[in-house]
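Fold and geometry: a report
In case you want the letters, here they are:
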Amino acid sequence: MQLFHEHEQVVVCHEPEAGLRAIIAVHDTTLGPALGGIRMWRYDSDEAALTDVLRLSRGMTYKNAVAGLDLGGGKTVVLGDPRADKTPLLFRALGRFIDSLGGRYLAAEDVGTSTDDAELVALETDHITGLPVARGGSGDPSPMTAWGVFCGMRAAAAEAGLGDDLRGIRVAVQGAGHVGAGLVRHLLDAGSEVTVSDIYPERVEALTGLGAQTCPPGEIHRQDCEVFAPCALGAVIRPETVGELRCRVIAGAANNQLLDSSMGDELHRRSIVYAPDFVINAGGVINIAEELGRPYDAERARASVERIAGTLTAVFERSHRDGIAPHVAADRLAEERIAAARASRPDAVAALHRPG
Ligand code: NAD
């Protein structure tokens, strides 16, 4: 992928007194302000941080577009150790940089940042989302992400001919973190047979107490099951694992589940239904969109998140219609929505009529 040919704006944020080194990438604002989280990570190099923010911000454009949100894609990476380098000064300095973009970029939490950090950013700018519900925000997005994955999994199961109520369906969940644990609870409530695995056994214990089974982390993708739900890391579907899968559906929360696009083609060839990650895990951003421009309402947000099932069905229909794999169909839907919005802009029409 060429990294630099499509981003609208990339801002390097440097304030030595505050210990801040960060990059904000605004990928595309055709559909609206660029929404995306603040990731704090110990990158091996500046190049690695730049590559990550460019790739992640592009991913947000696609996620927001397919989710039907009037939002573009952006992201921030903060270079530093989230366990050691966080200070109020750092997040306030970042808040001022975010504010300087005048609302073209809307920040949120992400890996390595928390509501506490968001509250520090909020001291300097209004362009931060996902603040606690008590402060008028939409709060922790994980429960809505889990609910969206559950609803999307039903649509993916139906696509695989397994019915859509998930009762009696065997589901293997990788990762019992914020999203994975919530998903397991929904599945147990629905009468699914759940196996869950995590590198931290204590995270699994609470769920086995509710009726889930468990297995060693290295074996979860090999479970004989109907649905495999990656809810931990990226690149879970790679050449070493794809041949070991014994499921008919992949539907989970993790970002970037496919090592690369060829893995999506391989799943398609093996007749494994893949729910594209950025479609099925959009519950968090859909929830955030509900706090923009009007008071947050959890019931309305839940109803919006449930539309993920219909969006996935549209992706599968497009996949059949064009004879393409679902991950390609999802990209096309996103690109078409953005292209249509761009074409309908008054300035686009003017540009067409400009001489020369
Ligand atoms: P989390 O950190 O709370 O949970 C991840 C869990 O995976 C942890 O318990 C961790 O111990 C476990 N894990 C790590 N490596 C593992 C392995 N090899 N095998 C089994 N378990 C392993 O994160 P989360 O918020 O639950 O997010 C899970 C995934 O979903 C991430 O990829 C995240 O990017 C994605 N996602 C999350 C949200 C959200 O709202 N939180 C939204 C969209 C996408």
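Residues numbered from 1 in each chain as written. Predicted model: local features only at pLDDT ≥ 70, side-chain atom pairs only at ≥ 80, totals over all residues. Heavy atoms only, no water.

Comments concerning the packing of aromatic side chains
A full pass over the atoms with the stated rule returns two aromatic pairs. Taking the centre distance of 5.3 Å and the plane angle of 25 degrees together, the rings of tryptophan 147 and phenylalanine 150 count as stacked. Of this pair, tryptophan 147 and phenylalanine 150 both sit in helix α4 (residues 142-159), separated by three residues, roughly a single helical turn. Residues tryptophan 147 and phenylalanine 150 agree in their burial class; the two are buried. Between the NZ or CZ atom of arginine 302 and the centre of the ring of tryptophan 147, over which it lies, the distance is 4.1 Å. (Phe/Tyr/Trp six-rings, centres within 6.5 Å; stacked < 30°, edge-to-face > 60°. Helix = DSSP H or I, 4+ residues; strand = E, 2+ residues; numbered from the N terminus. Buried < 20%, exposed > 50% of the residue type's maximum accessible area, 1.4 Å probe, protein only. Lys NZ or Arg CZ within 6 Å of the ring centre and 35° of its normal.)

Quick notes on the packing of helix α1 (residues 46-66) against helix α13 (residues 326-343)
At their nearest, the axes of α1 and α13 sit 8 Å apart, and the two run at 85 degrees to each other. It follows that α1 is roughly perpendicular to α13 by the angle criterion. Within the contact between the two elements, α1 uses Thr61, Tyr62, Asn64, Ala65 and Val66 and α13 uses Ala330, Asp331, Ala334, Glu335, Arg337 and Ile338. Partitioned by chemical class, the residues of the contact of α1 with α13 number six nonpolar, two polar and three charged. (Axes fitted to C-alpha atoms, helices over the stretch in contact; angles between N-to-C directions. Parallel < 35°, antiparallel > 145°, perpendicular 65-115°, else oblique. Contact = heavy atoms within 4.5 Å. Nonpolar A, V, L, I, M, F, W, Y, C, P; charged D, E, K, R; others polar.)

Focus: the sheet that holds strand β5 (residues 105-109)
Sheets are built from strands that pair by backbone hydrogen bonding, the pairs being arranged parallel or antiparallel. Overall, mixed pairing links the five strands, which are arranged β1-β2-β4-β3-β5 in an open sheet. Whereas interior strands pair on both sides, the edge strands pair on one side only; in this sheet they are β1 (9-15) and β5. Within the sheet, the average angular offset between the axes of one strand and its neighbour, ignoring direction, is 20 degrees. As paired elements, strand β2 (residues 20-28) and strand β4 (residues 72-79) share six bridges and run antiparallel to each other. The residue bridging isoleucine 24 from the neighbouring strand is threonine 76, located in β4. (Pairing = 2+ DSSP bridges.)

So, the environment of leucine 207
Here leucine 207 shows up in helix α6 (residues 201-208). For the pair leucine 207 and threonine 195, spaced 12 residues apart in sequence, the C-alpha to C-alpha distance is 9.5 Å. Residues contacting leucine 207, with those up to four places away along its chain left out, are Ala176, Ala181, Val184, Arg185, Leu188, Val196 and Ala212.

A few points about the side chain of threonine 76
The residue threonine 76 is located in strand β4 in this model. Among the polar contacts made by the side chain of threonine 76, one reaches the side chain of tyrosine 105 at a distance of 2.9 Å. (Polar contact = N/O pair within 3.5 Å; in protein donor to acceptor, adjacent residues only side chain to side chain.)

Focus on the environment of alanine 235
Tracing the backbone shows alanine 235 in the loop between β9 (227-230) and α7 (239-242). Residue classification places alanine 235 among the partly exposed positions, given a relative accessible area of 23%. In the structure, alanine 235 is positioned 20 residues away from asparagine 255 in sequence and 8.5 Å away in space, judged by C-alpha atoms.

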